[in-house]
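Take a look at the letters that make up each chain.
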Amino acid sequence: MTCSKEYMDRAENAVLHTYNRFPVVLERGEGVRLYDLDGKEYLDFGAGIAVFALGYGNKAYNQALKDQVDKLIHTSNLFYNMPMTEAAEKLLKASGLSKVFFTNSGTEAIEGAIKAARKYAWLRDGSTDHEIIAMKHSFHGRSLGALSVTGNAHYQEPFKPLIGGIRFADFNDLDSVKEQITEKTCAIILEPVQGEGGIYPASREFLQGLRSLCDEKDILLILDEIQCGMGRTGSMFAYQDYEVEPDIMTTAKALGCGVPVGAFVLNEKTAQNSLVPGDHGTTYGGNPLACRAVSKVFDLFEEEKILEHVQKIAPYLEKKLDELVEKYDFLTERRGKGLMQGVVVSGRPVGEIINKAIENGLFVLSAGTDVLRFVPPLIITEADIDEMAEKLERSF
Ligand SMILES: Cc1ncc(COP(=O)(O)O)c(C=O)c1O
């Protein structure tokens, strides 16, 4: 029995089977490469599902965490701590928003955003039957509130009843959103680039149209930047490229680059008219270790000029993927923004291609039912992209 096989068997015995995992036990990482227990190397175009923006083994990031471990790991929210303050200030500067609440995951950030929106509307009119409009094919997480605004019946069905008052509209169709608006609507929630649903960027007119609609009717616009934010599309947050500001923004994944942390971030109007002491809380959120990671991530984004790099390298990834779409009949379309790209596969199971790619030492992800998803660490080079394309072609 190989070492890997033994760990996989033990995991299957001990860990609840909610994932069909690939038969790989990962042990360490370096840059854009991961290594399994048997020493096999993989080029990583998944980044732990759009998490590890800075690549693996970034020395400055690791050192900051080691220093914080030796100083203080946890305090609770009954006290102040320095990393939380610093991380919050940097997140506000990067987002242009006004107040932060730190969470431990993306789904918790969505829960907080929903609560803030409901409280805002309750303070305005005192009623308790407010509605939220979400998008079909969206993904916002697995906890019950986040699942309720996730436009995928398959994920929702066994867990009903979910939270009430959620209506679904078609992404990129402003009229479809308008049809769902009632006097009870308190918020519209969407991903500026839909990720899990199949890599669909919002159109400019859709996002700007939603902003105008929300302004007109005092509805809060919640933008979920958990996957598309933190530099992935070439701006720190995807909405910045659309020149649209949310009332509430959610972030996670690359925010901590591997340390579990998320946040919902409010503009001044929403912060002044929603959650107050006693309304919301968390034991770990704002924890010094997680916030040291966040703070260091923002520093390194600046020092390593990550946004400039994404803007420069993303057209090369697009070009390479376009060439593949041109060359292979079963690849029908490329779509995406920056280093968040999808290629639609027709007439072949995406899972088979991914399995073959793993055999060939390449990690790529799926999205929706028929999309190959490319969300590499943001530090990839042209040579990495060439290698990815070569390994992918071999996997076809
Ligand atoms: C857009 C979006 N929102 C929310 C989530 C949920 O985040 P988490 O898995 O950290 O709870 C995800 C996770 O994939 C996501 O892509």
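Residues numbered from 1 in each chain as written. Predicted model: local features only at pLDDT ≥ 70, side-chain atom pairs only at ≥ 80, totals over all residues. Heavy atoms only, no water.

1. Focus: the packing of helix 4 (residues 82–95) against helix 12 (residues 288–303)
Running from amino to carboxyl end, helix 4 crosses helix 12 at an angle of 40°, the nearest separation of the two axes being 8 Å. The angle between the axes of helix 4 and helix 12 places the two elements in the oblique class. For the pair helix 4 and helix 12, the crossing hand works out as left-handed. Counted together, Pro83, Met84, Glu86, Ala87, Lys90, Leu91, Lys93 and Ala94 of helix 4 and Pro288, Cys291, Arg292, Val294, Ser295, Phe298, Asp299 and Glu302 of helix 12 form the full contact between these two elements. For the contact of helix 4 with helix 12, the class distribution of residues is nine nonpolar, one polar and six charged. (Axes fitted to C-alpha atoms, helices over the stretch in contact; angles between N-to-C directions. Helix = DSSP H or I, 4+ residues; strand = E, 2+ residues; numbered from the N terminus. Parallel < 35°, antiparallel > 145°, perpendicular 65-115°, else oblique. Left-handed = near helix turned anticlockwise from the far one by under 90°. Contact = heavy atoms within 4.5 Å. Nonpolar A, V, L, I, M, F, W, Y, C, P; charged D, E, K, R; others polar.)

2. Quick look at the pairing of strand 10 (residues 220–224)
Counting buried positions over the five residues of strand 10 gives five, a clear majority of the element. The two faces of strand 10 match: Leu220, Ile222 and Asp224 on one face and Leu221 and Leu223 on the other face are all buried. As paired elements, strand 7 (residues 185–190) and strand 10 share four bridges and run parallel to each other. Bridge pairing in strand 10 places Ile189 opposite Ile222. (Buried < 20%, exposed > 50% of the residue type's maximum accessible area, 1.4 Å probe, protein only. Pairing = 2+ DSSP bridges.)

3. Observations concerning the site of the ligand
Taken together, Ser105, Gly106, Thr107, Phe139, His140, Gly141, Glu191, Glu196, Asp224, Ile226, Gln227 and Lys253 make up all the residues around the ligand. The separation between an oxygen atom of the ligand and a polar main-chain atom of Gly106 is 2.8 Å. At a separation of 3.4 Å, a nitrogen atom of the ligand approaches a polar backbone atom of Phe139. Partitioning the shell around the ligand into residue classes produces two nonpolar, six polar and four charged. (Near = heavy atom within 4 Å. Polar contact = N/O pair within 3.5 Å; in protein donor to acceptor, adjacent residues only side chain to side chain.)

4. Here we look at the environment of Asn77
Structurally, the position occupied by Asn77 is in the loop between helix 3 (59–71) and helix 4. A sequence separation of 236 residues divides Asn77 from Ile313, and the C-alpha atoms of the two residues are 40 Å apart. When near neighbours in sequence (up to four residues on either side) are disregarded, Asn77 contacts Met84, Thr282, Thr283 and Gly285. Reaching out from Asn77, the side chain makes a polar contact with the backbone oxygen of Thr282 at a distance of 3.0 Å.

5. Things to note about the sheet that holds strand 1 (residues 26–30)
Sheet strands line up and pair through hydrogen bonds in the backbone, either parallel or antiparallel. One open sheet accounts for four strands, arranged 1-2-3-15; its pairing is mixed. With partners counted over all chains shown, the strands left at the sheet margins are strand 1 and strand 15 (362–363), one partner each. Relative to strand 2 (residues 33–36), strand 1 runs antiparallel, the two sharing four bridges. Note on strand 2: the bridge partner recorded for Gly29 is Leu34.

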